[in-house]
Amino acid sequence: VECDDESLISTFVTDLRDEIHSAIGCTVSTGVGSNKLLARMATRIAKPNGQHLCMRNEQEFILTQRISDLPGVGYNIEQKLTSNGYLTCKDLINVTQDQLAAFLGPKTGKTIYNFSRGIDDRLFVTKHERKSISVEINYGIRLSTLAELSVFLNNLAGELHKRMKNEGVQGNQISLKLKIRAEGESTEPLKHMGHGICDNVSKTTNVSKATNSPTVIHQKVMELIRAFNPVISDIRGVGIHLGKLTSIKTIVAPKDKVSCSPVPCDVFKCPKPAFLGRENPSEVEELLLPWFRSEDPYEHDVEEVEQYLQSLIPYGNISFLERILKTFRKIVLKRNCDEWTAVFNAFLNNIQIAIHKVHKGVLDIEQV
């Protein structure tokens with residue numbers, strides 16, 4: 001807030017603190033200054049549950065502050081300054097930037113020189129651009145089979161998808177982090193269902209196209225699981241991390257391009273679903289069945305298959321979708337393969353959610 005009226009600012013801060021306390025019952029300490037540094041230093045004086053404005057006498061205020069209270073001054077920097085006889089910002093008033101750089105380094109020397117004089121040109125940023133996003137659980141994990149782990153990872157991938165969707169991002173780098181019970185440690189630690197003493201391991205893979213698809217995330221982490229080949233019962237913590245994030249851009253038509261004339265009904269027709277260039281359901285079924293019967297579910301792009309199945313929902317071809325899924329389920333039941341079971345269950349879960357959103361119902365099909 002930019003304002004020179006100290007009385008007005010004081011009233012605003014008091015009202016804001018009272019409003020927060022009334023809303024959630026928490027006390028607030030507030031410092032006010034002309035930049036981030038001075039506001040932060042003023043907040044130290046305001047604690048606990050107070051407010052401090054240093055607008056009128058900022059120069060006098062900063063000179064009375066201890067150097068150790070400046071942001072970024074840790075033990076090593078403090079010791080170097082103390083050994084040279086510098087305890088407060090006032091002690092540095094006659095010290096040049098070059099002198100500080102001589103024993104602190106050029107970057108730190110410049111920062112301390114400016115901070116000790118109340119100079120701070122850092123911008124106030126209300127929202128930082130996210131570099132990564134993750135989901136992790138390190139409590140209560142007791143798994144015994146690959147199928148159980150696959151279902152667990154599918155749920156984590158779904159949660160990560162929700163978080164990425166809320167942030168409007170997708171990523172190119174997928175990492176899997178595991179806590180594995182350390183050799184020789186008890187299977188049940190002192191803390192009930194805790195992870196205990198573990199070895200932390202992680203692996204990372206990249207995808208060629210940025211994604212936030214739960215199906216792709218699940219597929220990739222299952223590939224990493226096969227690379228790890230852990231003892232399933234020894235897993236005590238699981239985390240999925242997506243990096244190299246990019247924003248999902250939403251294209252909005254300019255207002256001056258919007259037509260006020262009636263729009264032909266066929267504009268709203270959904271494109272006819274197609275899989276590998278085939279639109280005829282019987283031809284698509286001929287393409288899918290060999291994949292259903294293959295040994296490795298990931299020999300084909302599972303995201304492409306799910307996208308096709310999802311495209312049947314708005315188009316209204318639910319009966320064909322149901323037939324395909326029931327056939328898929330019968331084959332998975334006969335095969336009794338953990339990886340195929342995980343893929344089918346992931347497909348069915350995502351499709352049921354999509355169907356419920358559009359048609360307010362679900363298919364009469366159970367997970368394997």
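Residues numbered from 1 in each chain as written. Predicted model: local features only at pLDDT ≥ 70, side-chain atom pairs only at ≥ 80, totals over all residues. Heavy atoms only, no water.

Participant: Looking at this structure, how should I read unusual backbone geometry?
Facilitator: The phi torsion of most residues other than glycine is negative, and most of the peptide bonds are trans. With an omega of -5°, the peptide bond running from Lys47 to Pro48 counts as cis. By secondary structure assignment, the location of Pro48 is in the loop between helix H2 (36–46) and strand E2 (51–53). A positive phi angle is found at Asn49, which is not glycine, with a value near 55°. Within the element layout of this structure, Asn49 appears in the loop between H2 and E2. The exposure class of Asn49 is partly exposed, given its relative accessible area of 44%. Positive phi outside glycine occurs at Met193, with the angle close to 65°. (Helix = DSSP H or I, 4+ residues; strand = E, 2+ residues; numbered from the N terminus. Buried < 20%, exposed > 50% of the residue type's maximum accessible area, 1.4 Å probe, protein only.)

Participant: Looking at this structure, how should I read the packing of aromatic side chains?
Facilitator: Each aromatic ring pair is characterised by the separation of its centres together with the angle its planes make. Tallied over the full model, the rule gives 9 aromatic pairs. Considering the side-chain rings of Phe292 and Phe328, the 4.2 Å spacing of their centres and the 5° angle between planes classify their relative orientation as stacked. In this pair, Phe292 is assigned in helix H9 (residues 281–292) and Phe328 in helix H11 (residues 318–335), connecting sequence segments 36 residues apart. Overall, the relative accessible area of 1% leaves Phe292 in the buried class. Each member of the aromatic cluster is reached from another via a ring pair, and the members are Trp291, Phe292, Phe328, Trp340, Phe344 and Phe347. (Phe/Tyr/Trp six-rings, centres within 6.5 Å; stacked < 30°, edge-to-face > 60°.)

Participant: Help me understand the environment of Leu325, please; the structure alone is not making it clear to me.
Facilitator: Its place among the elements puts Leu325 in helix H11. The class of Leu325 is buried, set by a relative accessible area of 0%. Sequence separation between Leu325 and Phe347 is 22 residues; the distance between their C-alpha atoms is 8.9 Å. Not counting residues up to four positions away in its chain, the partners in contact with Leu325 are Leu309, Phe344, Leu348, Ile351, Leu363 and Ile365. (Contact = heavy atoms within 4.5 Å.)

Participant: How should the pairing of strand E4 (residues 169–181) be read in this particular structure?
Facilitator: For a regular strand, side chains alternate in direction, first toward one face of the sheet and then toward the other. Within E4, 10 of the 13 residues are buried, leaving the element largely enclosed by the surrounding structure. With 11 bridges joining them, E4 and strand E6 (residues 235–247) adopt antiparallel strand pairing. Within E6, the position partnered with Ile174 by the bridge is Leu242. Inspection of the sheet shows E4 paired to strand E5 (residues 198–211) by 10 bridges, in the antiparallel sense. Bridge assignment links Ile180 to a residue of E5, and that residue is Asp199. (Pairing = 2+ DSSP bridges.)

Participant: What am I meant to see in the packing of helix H8 (residues 214–228) against helix H12 (residues 338–359) here?
Facilitator: The angle between the axes and the distance between the axes are what describe a pair of packed helices. For the pair H8 and H12, interaxial distance at closest approach is 11 Å and the crossing angle is 165°. Here H8 lies roughly antiparallel to H12, going by the angle between them. Between H8 and H12 lies a crossing whose hand is right-handed. When H8 is examined against H12, the residues Pro214, Thr215, His218 and Arg226 are found in contact with a partner set consisting of Glu339, Ala342, Phe347 and Asn350. (Axes fitted to C-alpha atoms, helices over the stretch in contact; angles between N-to-C directions. Parallel < 35°, antiparallel > 145°, perpendicular 65-115°, else oblique. Left-handed = near helix turned anticlockwise from the far one by under 90°.)

Participant: Just to check I follow, could you spell out the sheet that holds E5 for this structure?
Facilitator: In a beta sheet, neighbouring strands pair by backbone hydrogen bonds and run either parallel or antiparallel. Judged by pairing direction, the sheet is antiparallel, and its 4 strands sit side by side in the order E3-E6-E4-E5 without closing on themselves. Either end of the sheet is taken by a strand with one partner, and the two such strands are strand E3 (132–137) and E5. Along the sheet, successive strands turn relative to each other by an average axial angle of 15°, direction set aside. Each of E3, E4, E5 and E6 touches helix H7 (residues 146–167); the most contacted strand, E3, lies at about 145° to it.

Participant: Hey, could you run me through the side chain of Asn350 in this one?
Facilitator: When you line up the elements, Asn350 lands in helix H12. Only 3.4 Å separates the side chain of Asn350 from the side chain of Thr215, close enough to count as a polar contact. Asn350 has contacts with Pro214, Thr215, Glu306 and Gln310, leaving out every residue within four places of it along the chain. (Polar contact = N/O pair within 3.5 Å; in protein donor to acceptor, adjacent residues only side chain to side chain.)

By themselves, these observations are geometric and do not establish any function.
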